[in-house]
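Coordinates in review
Okay, here's what each chain looks like letter by letter:
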Amino acid sequence: MVNIETQIFNLKFTSKQIARMSTKCTKQERDELLKVKKAMEKGDMDSARIYGQNAIRIRNTGNNYLKLSSRIDAVSVPPRVSA
């Protein structure tokens, strides 16, 4: 049987992994926005629109990762016994 300290450690570890995934999404979003800018400079508005939609989707995914990470952090706080 897994003890509670191991479970708490696993939750914290998972939370950090998800936070890193959020950081990766931020970098991907920045790359997509650069693609939007380049496409607009070339006059290719259809590609720019697609890149823009990708950037929005990636930003939303990153925000969802942050929400999930904070929820896991809240759960992983060990319960305190009030005396």
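Here the structure is a predicted model, which is why all the values come from computation and not from measurement. (Residues numbered from 1 in each chain as written. Predicted model: local features only at pLDDT ≥ 70, side-chain atom pairs only at ≥ 80, totals over all residues. Heavy atoms only, no water.)

**Examining the packing of helix 1 (residues 4-42) against helix 2 (residues 45-76)**
This is how the line gets drawn: Throughout, an axis means a line fitted to C-alpha atoms (over the contacting stretch in the case of helices), and angles, computed between N-to-C directions, take values from 0 to 180 degrees. Helical segments are the DSSP runs of H or I of at least four residues, strand segments are the runs of E of at least two, and each set is numbered from the N terminus. Reported orientations rely on four angle classes, namely roughly parallel under 35 degrees, roughly antiparallel over 145, roughly perpendicular from 65 to 115, and oblique for the rest. In this scheme, a crossing is called left-handed if the near helix is turned counterclockwise away from the far one by less than a right angle; it is called right-handed if the turn is clockwise. Only Asp, Glu, Lys and Arg are considered charged, only Ala, Val, Leu, Ile, Met, Phe, Trp, Tyr, Cys and Pro nonpolar, and every remaining residue, Gly among them, polar.
Running from N to C, helix 1 and helix 2 point in directions that differ by 165°, and their axes come no closer than 8 Å. Taken together, the axis directions place helix 1 and helix 2 in an arrangement best described as roughly antiparallel. Crossing hand, helix 1 versus helix 2: left-handed. In the contact of helix 1 with helix 2, the residues fall into 20 nonpolar, 11 polar and six charged.

**A look at helix 1**
Applicable threshold: A helix is expected to span 1.5 Å multiplied by its residue count minus one. When accessible area is computed with a 1.4 Å probe and restricted to protein chains, residues below 20% of their type maximum are described as buried, those above 50% as exposed, and intermediate ones as partly exposed. In this analysis, two residues are considered to be in contact whenever any of their non-hydrogen atoms come within 4.5 Å of each other.
If you check helix 1, its first and last C-alpha atoms are 57 Å apart, about what 39 residues at 1.5 Å a residue would give, namely 57 Å. Buried within helix 1 we find Ile8, Ser15, Ile18, Ser22, Cys25, Glu29, Glu32, Val36 and Ala39. On its buried side, helix 1 packs onto helix 2. Count one or two residues on from helix 1 and you reach Gly43, which has phi positive near 90°.

**Thoughts on a positive patch on the surface**
Using the following cut-off: For patch detection, residues must exceed 30% relative accessible area and be free of salt bridges, and they are connected within 9 Å for like charges or within 5 Å for nonpolar side chains (Val, Leu, Ile, Met, Phe, Trp, Tyr). For every accessible area listed, the method is Shrake-Rupley and the probe measures 1.4 Å; residues are considered covered only by the protein chains on display. By definition, a salt bridge exists where a carboxyl oxygen of Asp or Glu is found within 4 Å of a side-chain nitrogen of Lys or Arg. In summary, the charge assignment counts Lys and Arg as positive and Asp and Glu as negative, without counting His or the chain termini. Here the site of a charge means atom NZ of a Lys, CZ of an Arg, CG of an Asp or CD of a Glu.
Residues Lys12, Lys16, Arg20, Lys24, Lys27 and Arg30 make up a contiguous surface patch of positive charge. Mapped onto the elements, Lys16 comes out in helix 1. A relative accessible area of 54% means that Lys16 is categorised as exposed.

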